Amino acid sequence: MDTEKIKANLDNAGYCIVEDIMPIKEADHMADRYFKLHKQHFPDQRSYQSLQGLLNYDQMCWPWILQLQILELAYHYLGQNMRFAEACSKWVMPDTEAGNVHADALSLSEPFPSNMWLFQTMWMLTDFTENNGSTLVVPFSHRLRCNPSISPTDKCLIPIVGRRGSVLLWHGALWHASGANTTLDQHRMGLNLAYIPFWLNHAVGGWPPVHPETFQRMPRLLKELNQHRVTVS
Ligand SMILES: O=C(O)CCC(=O)C(=O)O
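All of these numbers come straight from a predicted model, not from anything done at the bench. (Residues numbered from 1 in each chain as written. Predicted model: local features only at pLDDT ≥ 70, side-chain atom pairs only at ≥ 80, totals over all residues.)

Let us now look at helix α4 (residues 68-78). Taken as a whole, α4 has its buried residues at Ile 70, Leu 73, Ala 74, Tyr 77 and Leu 78. When α4 is viewed along its axis, its buried side chains cluster within an angular range of 110° and face the same direction. Exposed side of α4, more than 90 degrees from the buried face: Leu 68 and Glu 72 are the residues found there. As for α4, its buried residues are in contact with α1 (3-13), β4 (119-124), β7 (167-171) and β9 (188-196). Remark: Gly 79 follows α4 within two positions and exhibits a positive phi of approximately 95°. (Buried ≥ 20, exposed ≤ 12 C-beta atoms within 10 Å, placed from the backbone. Helix = DSSP H or I, 4+ residues; strand = E, 2+ residues; numbered from the N terminus. Arc of directions from axis to C-beta. Contact = placed C-beta atoms within 7 Å.)

If you walk across this open sheet you meet the 3 strands as β6-β5-β8, and the pairing is antiparallel. In the strand order of this sheet, the two ends are held by β6 (158-159) and β8 (176-178), each with one partner. (Pairing = 2+ DSSP bridges.)

Core analysis: the biggest nonpolar cluster contains 62 residues, and Phe 119, Leu 125, Val 137, Leu 169, Tyr 195 and Ile 196 have the highest contact counts within it. Those elements that place two or more of their residues in this core are β1 (15-18), α2 (24-41), α4, β3 (83-92), β4, β5 (135-137), β7 and β9. Ignoring sequence-local partners within four residues, the contact set of Tyr 195 consists of Ala 74, Leu 78, Met 82, Arg 83, Phe 84, Ala 85 and Phe 119. (Core = buried A, V, L, I, M, F, W, Y, C linked by C-beta atoms within 7 Å.)

With that out of the way, let us pick up the site of the ligand. Near the ligand the following residues occur: Lys 90, Gly 99, Asp 104, Gln 120, Thr 135, His 176, Ala 177, Ser 178, Gly 190 and Asn 192. Across the shell around the ligand, the residue classes break down as 1 nonpolar, 7 polar and 2 charged. (Near = placed C-beta within 6 Å. Nonpolar A, V, L, I, M, F, W, Y, C, P; charged D, E, K, R; others polar.)

The following block contains the structure:
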């Protein structure tokens, strides 16, 4: 999709789906890898799993952080000194309830700033369907500049469905949630890659740091984007 059209959707409705940006084979490969990683990290947990600090465990997501069209959009919204916030894989297992509806407010108080402070992406590594836990959003809610107080069954939430290899982009103020997975056997795997402006204190996200040995292996631009969050622990 044309970048100007994506910006128009993001500005207007607070979100945009870009279809088929990643080859299906790559999405399948990454999903396989992340299912395995999740099983190692959460051997007993059933339902919704969020694997934070993914950059330390996996290199397959690195090129997608630097995907040119997405990066251009992140620079447009967050400025030339913008930074990478976090990579996190998110698995919605069969028979899982929807998550809480929230904005990614990162401790900002209301009314939220009108400028974007979080450029959020959800890469669909499996197909996202109405029933398997696809992300729910409330279109236009970023304009309200406040936290939601609605339930995940509220009718103003719509499921974002798409083929694997597509990416959902949204404004941090948009109200959203993980959807319910009402299937018996379909697993949803998504990859969150998030970007923030330089002025936002990274600590408010509570995101794990990048380990120095991971940082050393990164290509130059990825280093630049992650330089603020390298620590040993
Ligand atoms: O897993 C999902 O679909 C929702 C993710 C989410 O709530 C978030 O990134 O803040």
